[in-house]
There are 4 protein chains.
Amino acid sequence: VDRAQRIDLNSDVGESFGRWTLGDDAGVLASVSSANVACGFHAGDPVTIQRTIELAKAQGVAVGAHPSYPDLAGFGRRSMRISGAEIEAAVMYQIAAVAGFARALGVRLAHVKPHGALYNDAAANRPLADAIASAVRRSGVEKLVGLSASSLVDAAKHAGLRAVREAFCDRAYEPDGTLRDRSLPGAVITDPEAAAEQAVSIALRGRAVAYGGDEIGVNADTLCIHGDTPDAARIAAAVRSALQAAGVAVASPP
Amino acid sequence: VDRAQRIDLNSDVGESFGRWTLGDDAGVLASVSSANVACGFHAGDPVTIQRTIELAKAQGVAVGAHPSYPDLAGFGRRSMRISGAEIEAAVMYQIAAVAGFARALGVRLAHVKPHGALYNDAAANRPLADAIASAVRRSGVEKLVGLSASSLVDAAKHAGLRAVREAFCDRAYEPDGTLRDRSLPGAVITDPEAAAEQAVSIALRGRAVAYGGDEIGVNADTLCIHGDTPDAARIAAAVRSALQAAGVAVASPP
Amino acid sequence: VDRAQRIDLNSDVGESFGRWTLGDDAGVLASVSSANVACGFHAGDPVTIQRTIELAKAQGVAVGAHPSYPDLAGFGRRSMRISGAEIEAAVMYQIAAVAGFARALGVRLAHVKPHGALYNDAAANRPLADAIASAVRRSGVEKLVGLSASSLVDAAKHAGLRAVREAFCDRAYEPDGTLRDRSLPGAVITDPEAAAEQAVSIALRGRAVAYGGDEIGVNADTLCIHGDTPDAARIAAAVRSALQAAGVAVASPP
Amino acid sequence: VDRAQRIDLNSDVGESFGRWTLGDDAGVLASVSSANVACGFHAGDPVTIQRTIELAKAQGVAVGAHPSYPDLAGFGRRSMRISGAEIEAAVMYQIAAVAGFARALGVRLAHVKPHGALYNDAAANRPLADAIASAVRRSGVEKLVGLSASSLVDAAKHAGLRAVREAFCDRAYEPDGTLRDRSLPGAVITDPEAAAEQAVSIALRGRAVAYGGDEIGVNADTLCIHGDTPDAARIAAAVRSALQAAGVAVASPP
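Note that the structure is predicted; figures quoted are calculated from it, not measured.

Caption draft 1: Geometry of the pairing of strand E2 (residues 34–38) of chain D. All names here are of chain D. Burial runs high along E2: five of the five residues are buried. Here E2 shows two buried faces, one formed by Ser34, Asn36 and Ala38 and the other by Ala35 and Val37. Where strand E1 (residues 6–13) and E2 come together, four bridges link them in parallel fashion. Residue pairing across strands places Ser11 opposite Ala35, the latter belonging to E2. Bridging between E2 and strand E3 (residues 62–66) involves five bridges; their strand directions are parallel. Of the residues in E3, the one forming a bridge with Ala35 is Val63. Regarding the hand of the β-α-β motif, the stretch spanning E2, helix H2 (residues 46–58) and E3 is right-handed.

Caption draft 2: View of the nonpolar core. Leu243(A), Leu243(B), Leu243(C) and Leu243(D) are the most contacted members of the largest nonpolar core, which has 312 residues in total. Setting aside anything within four residues of it in sequence, one finds Leu243(B) in contact with Ile7(B), Leu9(B), Ala199(B), Val200(B), Ala203(B), Leu223(B), Val248(B) and Val250(B).

Caption draft 3: Main features of the interface of chain A and chain D. Across the boundary between the two partners, chain A contributes 15 residues, which contact 15 residues of chain D. Both sides together, the interface formed by chain A and chain D hides about 1200 Å², and carbon and sulfur atoms give 68% of it. Three residues, Phe17(A), Arg19(A) and Trp20(A), lead the burial of chain A against chain D; their summed loss comes to 59% of the area buried on that side. For the pair chain A and chain D, the number of links is two residue pairs in polar contact (both at pLDDT 80 or more). Of the residues assigned to the side of chain A that touches chain D, the class counts are seven nonpolar, four polar and four charged.

Caption draft 4: Focus on the pattern of salt bridges. Tallied over the full model, the rule gives 48 salt bridges over all chains. In this structure, Glu174(B) and Arg180(B) form a salt bridge, with 3.0 Å as the shortest nitrogen-oxygen distance. Looking at Glu174(B), the relative accessible area reads 17%, which means it is buried. Note that Glu142(D) is salt-bridged to Arg162(D), the shortest N-O span being 3.4 Å. Taken together, the positions of Glu142(D) in the loop between helix H5 (126–138) and strand E5 (143–147) and Arg162(D) in strand E6 (residues 162–168) put the pair 20 residues apart, joining distant regions of the chain. On the basis of relative accessibility, which here comes to 44%, the residue Glu142(D) falls in the partly exposed class. Relative accessible area serves as the criterion here: at 37%, Arg162(D) is assigned to the partly exposed category. What emerges from the salt-bridge pattern is a single network uniting Asp12(A), Lys113(A) and Glu166(A).

Caption draft 5: Spotlight on the packing of helix H3 (residues 84–104) of chain C against H2(D). At their nearest, the axes of H3(C) and H2(D) sit 8 Å apart, and the two run at 85° to each other. When the axes of H3(C) and H2(D) are compared, the pair comes out roughly perpendicular. Taken together, the residues of H2(D) that come into contact with H3(C) (itself represented by Ala85(C), Glu86(C), Ala89(C), Ala90(C), Met92(C) and Tyr93(C)) are Pro46(D), Val47(D), Ile49(D) and Gln50(D). Residues that form the contact of H3(C) with H2(D) fall into these classes: eight nonpolar, one polar and one charged.

Caption draft 6: Region of the structure containing the environment of Leu147(D). Residues and elements named next belong to chain D. For Leu147, the position within the fold is in strand E5. The class of Leu147 is partly exposed, set by a relative accessible area of 23%. Remark: the alpha-carbon pair of Leu147 and Ala167, spanning 20 residues in sequence, is separated by 6.6 Å. Apart from the residues lying within four places of it in its own chain, the contact partners of Leu147 are Tyr119, Ala123, Val153, Glu166 and Phe168.

Caption draft 7: Up close: helix H7 (residues 192–205) of chain A. Residues and elements named next belong to chain A. With 14 residues, H7 ought to run about 20 Å at 1.5 Å a step, and its terminal C-alpha atoms sit 20 Å apart, in line with that. Regarding H7, the residues found buried are Pro192, Ala195, Ala196, Gln198, Ala199, Val200, Ser201, Ile202 and Ala203. Against the buried residues of H7 lie strand E1 (6–13), strand E6 (162–168), strand E7 (207–209), strand E9 (222–225) and helix H8 (232–245).

Caption draft 8: Layout of the interface of chain A and chain B. The partner chain B presents 21 residues to the 21 residues of chain A that form the contact. Buried surface at the junction of chain A and chain B, summed over both partners, amounts to about 1600 Å²; 68% is from carbon and sulfur atoms. Counting the surface chain A buries against chain B, the share from its top three residues, Pro46(A), Tyr93(A) and Arg138(A), is 34%. Here chain A is connected to chain B by zero salt bridges. Taken together, chain A and chain B are joined by four residue pairs in polar contact (both at pLDDT 80 or more). Looking at the side of chain A that touches chain B, the elements with two or more residues in it are helix H2 (46–58) and helix H3 (84–104) of chain A. Sort the elements by how many residues they give to the side of chain A that touches chain B and H3(A) lands first, with twelve residues. Class assignment of the residues belonging to the side of chain A that touches chain B gives a composition of 15 nonpolar, three polar and three charged.

Caption draft 9: Region of interest: the relation of the copies chain A and chain B. Mapping chain A onto chain B calls for a rotation angle of 180° and an axial translation of 0.0 Å; the resulting RMSD is 0.0 Å. Those values place the two copies in the arrangement expected of a two-fold rotation axis. The position closest to the rotation axis in chain A is occupied by the C-alpha of Ala97(A), lying 2.3 Å away. The overlap is high: 100% of the interface residues of chain A also sit at the interface in chain B, so the same surface is used on both sides.

Caption draft 10: Examining the packing of aromatic side chains more closely. Tallying each qualifying case throughout the model produces 16 aromatic pairs over all chains. With centroids separated by 5.7 Å and ring planes inclined at 25°, the aromatic side chains of Trp20(A) and Phe17(D) adopt a geometry described as stacked. Separated into two different chains, Trp20(A) in the loop between E1 and helix H1 (25–29) and Phe17(D) in the loop between E1 and helix H1 (25–29) make up a pair that spans both. Taken together, the aromatic side chains of Phe17(A), Trp20(A), Phe75(A), Phe17(D), Trp20(D) and Phe75(D) make up a single cluster linked through ring pairs. Note that Lys113(B) overlies the ring of Tyr119(B), its terminal NZ or CZ placed 5.7 Å from the centroid.

Caption draft 11: Looking closely at the relation of the copies chain A and chain D. Least-squares fitting of chain A to chain D yields an RMSD of 0.0 Å, with the superposition described by an axial translation of 0.0 Å and a rotation of 180°. A share of 100% of the interface residues of chain A reappears at the interface of chain D, consistent with the copies meeting face to face through the same patch.

Caption draft 12: How the structure looks around the layout of surface pockets. All names here are of chain C. Volume-wise, the second largest pocket comes out at about 1000 Å³. Along the walls of the second largest pocket sit 37 residues, with Tyr119, Asn120, Phe168, Arg171 and Leu179 positioned nearest its centre. Take the lining of the second largest pocket: its biggest share by element is six residues, from helix H4 (residues 116–124). Along the lines of polarity and charge, the residues of the lining of the second largest pocket split into twelve nonpolar, 13 polar and twelve charged.

Calculation rules
- Residues numbered from 1 in each chain as written.
- Chains lettered and ligands numbered in written order.
- Predicted model: local features only at pLDDT ≥ 70, side-chain atom pairs only at ≥ 80, totals over all residues.
- Heavy atoms only, no water.
- Buried < 20%, exposed > 50% of the residue type's maximum accessible area, 1.4 Å probe, protein only.
- Helix = DSSP H or I, 4+ residues; strand = E, 2+ residues; numbered from the N terminus.
- Pairing = 2+ DSSP bridges.
- Right-handed = clockwise from strand over helix to strand, strands pointing away.
- Core = buried A, V, L, I, M, F, W, Y, C linked by side-chain atoms within 4.5 Å.
- Contact = heavy atoms within 4.5 Å.
- Buried area = accessible area lost by both parts, 1.4 Å probe.
- Polar contact = N/O pair within 3.5 Å; in protein donor to acceptor, adjacent residues only side chain to side chain.
- Nonpolar A, V, L, I, M, F, W, Y, C, P; charged D, E, K, R; others polar.
- Salt bridge = Lys/Arg side-chain N within 4 Å of Asp/Glu carboxyl O.
- Axes fitted to C-alpha atoms, helices over the stretch in contact; angles between N-to-C directions.
- Parallel < 35°, antiparallel > 145°, perpendicular 65-115°, else oblique.
- Expected span 1.5 Å × (residues − 1).
- Least-squares fit on C-alpha atoms with pLDDT ≥ 70 in both.
- Phe/Tyr/Trp six-rings, centres within 6.5 Å; stacked < 30°, edge-to-face > 60°.
- Lys NZ or Arg CZ within 6 Å of the ring centre and 35° of its normal.
- 1 Å grid on protein atoms, 1.4 Å probe; cavity = no way out; pocket = protein on both sides within 12 Å on 5 of 7 lines; lining within 4 Å.
- Points joined across faces, edges and corners; volume = space filled by probe spheres on them.

Remember, this is a structural readout, not a statement about activity or role.
Right under this line is the structure:
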């Protein structure tokens, strides 16, 4: 049975900070359909935010905000125990900051995708997910991207948002459907062809081959391309080509 | 000759940060007509920003953004040599962050007033003032508050903004019209009655008695009440009463 | 049976930051025997650190470092999941910074006491406690203060440090010996006399009356006075007087 | 006439921060004799500081502290108007933090060299230079590196420190002896051979060919290799080789 005639490809961009640069944003933006722009709390100073949205706009890529725990030194990858009221306000602040540049550049903020530890924590912690969903709703943004089949997707629906279910083409799944831990062998898929194959399988059939060989169900509206690997642009291009060759349109969520 | 039938009273608020509190915001907001909300760069975390706008809304006080150099440790009182492109983006970021909370709370962002060293530098440095004015214009805010007869007021007009000329009722002027340096005796007016008298004189006659006794011209659309002094609420109330007793309405700029 | 002829009183000081002030350091330092100086990660800018050590030296109070998770906005009260290598380096950095001022002022850094969430986490998380103990040992400081009967005390001993066991005179204990949660009624003891009574009981008899009325054992080398309450100086003075009246000398650990 | 039988080569290292990396420290440390380690205010988190000192120690390179204005977002390249008391304390804090890691690794902190805008400002601003020199002296470090023939060198001597006069082999000089502004053509020397030639000329004869062709006097105890250019390691190696071939020993200042 055909699943999707279209799927979104998204990538985290704008993750430079001041003197430090990270990732090949221009290269990745040439292939993806949605860009998650760092908001200044884990990466992304104001000049970088502006330049990144300009780049995305020029490529016709949908612009979203990529809010994080306040943790520049840890790149937002360290869990923090923050109250719901604090994280809701912190997420609103970050969304608003990026939305302001988008508006000034004539672009509508299409979505929000939490970053790093905030994304991971919200996948399993429903009160945290609810605080994020409330921030997105109060900010007037319609779509919230979360790990497929996670608390964040549930919270998004419950808040009346459009939940965008995310899957990964460059990460291996375990037989139980969770992502294979990064510290284990085989967790990261670095071969562009293998990533493209997994992308097509998820997009067309809603299925992926888990670590060990079993096939599992993976429902996704968007596929993530990690932008900070050296090969990100090449992987993005390979995934996009393979999807299009398989008859799947690459486009931001409707 | 009558000058103003109305004048604005403004104060800097929301200048707490995390565990640290500063100023009697509720007390001051009871008397002023415009609130300049710290944006997170010199003070003001997201929770504080939200709470401060709620307070201002409840009191019917106009809400503005109060952007700063990025300098928490120095409370934005240290000049920084930042390029025009950087300061323009930094000011846009801060305006947008506060505007997001205002929008979510059903309040329109009425104005922008730069803080501390940024305010002082922009009074004399026209390219810096132009960068700030550009940020305000691109952010879709109409009014920019600057020191009366300064480069910032000129830049605001040149950018097509409504320039709001600011004067001070709790600071002494020098005979040449500049503010008396804070390090000199008599620079700060702490007596509520004296502050009220200067406010009425500026509002009704466009004149103030400078340090030494000479009278000078001071044109103002808004008068500043410094919010971080212990007596701020009492001074604000005294100034408002005196203005109203003299037939001057206290209201945010039209 | 007599327990202690002497006990230490300690308090967290130097928790101002830039424009923001917190606590009555001079008042508290008049009564305690050990000062835990904030190192810049949750509070305490360089000028404040220097001034605080000068104050402590003038009062003859032992100076220690009070390192924290890197979290100014949360005042170090939010748990962060940080790797052992990172927290060890972060603690060494903070100890060294305070030790430098101490050395320049002719004072030896006597001890280290972790702050807030780092202190609480290290009481129950042995690998975290080991990382902190390693940082203290490598920094050349002899004493590490931790919650009595906690992982941090165990880690200190294991690292060859002098473990200083801490108890609280202004917090209620549960019958199982843990501290009563701050969110529950009766958790904080605000009456100076009650705090003094608990201090004497712990110092002289190694026992305290837990919430509910049962007596429990509490072994302590030092008692904490929370410095950021309005009454801190008064509580510190009452506790010191009561201890001395009971024949207990107040002095930093030998 | 022979000038120097020896000269120091120094480079700024440890300028990564968290997720972001910068410069080829290992490559540069293979050729220089002194390393200026970023202290956390413009770059350099605690883990990076520790790792950088380990690298320098392994290569037998002298370790110094490289303090900056507090400005991560601007990489310490933006002038800030900070009081003497504040900058003295900020520099002491940074020196102490790096010195702590050095001591734990069995290395003596050999020198201090201010970074970026702080270095440039201190070259012309004597009170600022005096505040830095006081911080170095009070920190117990003997050597202070400053631009040759600048206020910082004068302040170092006046404070009883050993002044280390710095010159540049990868920057062009103007006929008046100042460094050619980076915004002008020909300001930066990127050809390793040209840099090596200037290094030998300064080391052996105390002279350099200024922009335009005139020869000027340049007295130096140390030559800077900018570590954040792509070719830094290659330039460092070429300069070292040329110096040794000319009979000049490359060694940290005695």
